[in-house]
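Reading the structure
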Amino acid sequence: MNCARLPSGLVASVILTAGLAAPAGATVSDRAGFGVSGAVIVWSADEGGAAPTVVDFVIDTGNGATGAASGDTDLIAEDTNTVVTGTLLSTFDSPASAGTMPFRIEDAAGGDFITDSNGDGIANASDSFSAFNLTPQTGARVDATTSRSSFYVASNVPFAIDAQSQFGGPNTDLIFLFITSLDMEVTRTGDDGVPFGSKAQFPHSAGPQGGVTAFPNLLSLLPGRNVFTGNQRTAFEPGSIADQSVRFDLAYSVGAQSLQGYDMSLGTFDFEVEITYTVYIP
């Protein structure tokens, strides 16, 4: 109780004396720091064909100028499959399972027509056409067609895409005759079963085809080539991953001139081209 009556000056003196008597101690310095690295999220269908699935999460850990030498880390080990453009249907199965290239009927009594009556690029059970009258000159040839597939990307930084082609299937040599070309375009917003792009911007300021390199044939992609380089992130406003995603649309077209020599006497054929797209941060 006597200590409670000590003058404040005496209390201060006692505290000072106690401090001088304490031994010197080590100091600890702490600096808390936080940062967000560049990241690119790719989603489409997984290796089993399930969609929508996030299949690549790439973070900026390098500074390479190509996909193969970028040094970036993909935190998801498995690879992905594209989806049929406008749907979440995986392209895991061969295109032949969905349909075949359209025939062009020429010199029929009522005029020429294509067996792809609904215009989806393939001839299958969903097509139908009227009976037609033959003439001595009526013939059939495989007409030019286009295969379309897509994948989705969300990013907080600009990114680039490289592509490499690999030919396969029982009639690989036919690709040299048909010479399939690649065209790429970006769709900013849509709804393919999952709405996307409402909070996104094009990954290149020039719009749907900005930063894209088209290739006249897939043979030029054999060693691997850059097909897209962006100059801005896709995420434009706060939102979900899908909101901040855009869709990359791929179109593989077989030239009409290369197929005019086809005749039904040549029988059936099947060829496949596998294109590997590598997304990275330059």
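Residues numbered from 1 in each chain as written. Predicted model: local features only at pLDDT ≥ 70, side-chain atom pairs only at ≥ 80, totals over all residues. Heavy atoms only, no water.

1. A look at the pairing of strand β1 (residues 39-44)
Across the six residues of β1, six count as buried, placing the element largely inside the fold. Side chains of β1 alternate between two faces, with A39, I41 and W43 and V40, V42 and S44 buried alike. Across six bridges, the pairing between β1 and strand β2 (residues 53-59) is antiparallel. The residue of β2 that forms the bridge with S44 is T53. Two elements, β1 and strand β8 (residues 146-155), share four bridges in a ladder whose sense is antiparallel. (Buried < 20%, exposed > 50% of the residue type's maximum accessible area, 1.4 Å probe, protein only. Helix = DSSP H or I, 4+ residues; strand = E, 2+ residues; numbered from the N terminus. Pairing = 2+ DSSP bridges.)

2. Describing the sheet that holds strand β7 (residues 139-142)
Across the sheet, three strands lie side by side as β6-β5-β7; this open sheet has antiparallel pairing. Strand pairing shows two members of the sheet lacking a second neighbour, β6 (113-114) and β7, which therefore form its edges. As defined by bridge partners, strand β5 (residues 103-106) adjoins β6 across two bridges and the pair is classed as antiparallel. From the neighbouring strand, I105 faces β6, where its bridge partner is F113.

3. Structural notes on the environment of V36
Residue placement: V36 occurs in the loop between α1 (8-21) and β1. Among the residues examined, V36 registers a relative accessible area of 79% and is labelled exposed. Sequence spacing of V36 and N156 is 120 residues, and the spatial spacing of their C-alpha atoms is 9.3 Å.

4. What to know about a nonpolar patch on the surface
A cluster of nonpolar side chains, contributed by F129, F132 and L134, occupies part of the molecular surface with about 320 Å² of accessible area. With respect to the secondary-structure elements, F129 resides in the loop between β6 and β7. With relative accessibility at 45%, the residue F129 sits in the partly exposed group. (Patch = residues over 30% accessible without salt bridge, like charges linked within 9 Å, V, L, I, M, F, W, Y side chains within 5 Å. Areas by Shrake-Rupley, 256 points an atom, 1.4 Å probe, with all protein chains shown as cover. Salt bridge = Lys/Arg side-chain N within 4 Å of Asp/Glu carboxyl O.)

5. Overview of the pattern of salt bridges
Once their charged atoms are close, side chains differing in charge can pair, the charge on each being opposite to the other. Evaluated as defined, the whole model comprises five salt bridges. Between R141 and E106 there is a salt bridge, with its nearest N and O atoms 3.2 Å apart. A residue pair is termed long-range when its members are at least 10 positions apart, and R141 in strand β7 and E106 in strand β5 qualify at 35 residues. The exposure class assigned to R141 is buried, which follows from its relative accessible area of 10%. Through salt bridges with shared partners, a single network forms among R104, E106 and R141.

6. Digging into a negative patch on the surface
A cluster of acidic residues, E47, D74, E78 and D79, forms a negative patch at the surface. Relative to the helices and strands, E47 resides in the loop between β1 and β2. (Lys, Arg positive; Asp, Glu negative; His and termini not counted. Charge placed at Lys NZ, Arg CZ, Asp CG, Glu CD.)

7. Points about the side chain of T115
Mapped onto the secondary structure, T115 falls in the loop between β6 and β7. Take T115: its relative accessible area is 10%, and that puts it in the buried class. T115 has contacts with P102, F103, I105, A123, D127 and F129, leaving out every residue within four places of it along the chain. (Contact = heavy atoms within 4.5 Å.)

8. Here we look at the confidence of the model for the protein
Here the protein averages 84 in pLDDT, while 82% of its residues score no lower than 70. Note that pLDDT drops below 50 for residues 1-18; the model gives that stretch one contact with residues more than four away or on any other chain. (pLDDT = per-residue confidence, 0-100.)

9. Focus on unusual backbone geometry
Backbone geometry follows two general trends: most residues other than glycine have a negative phi, and most peptide bonds adopt the trans configuration. Cis geometry is adopted by the peptide bond preceding P52, which originates at A51 and carries an omega value of 0°. Following the sequence through the fold, P52 ends up in the loop between β1 and β2. With a phi angle near 60°, D107 is a residue other than glycine that sits in the positive phi range. You can see D107 is positioned in the loop between β5 and β6. Overall, the relative accessible area of 44% leaves D107 in the partly exposed class.

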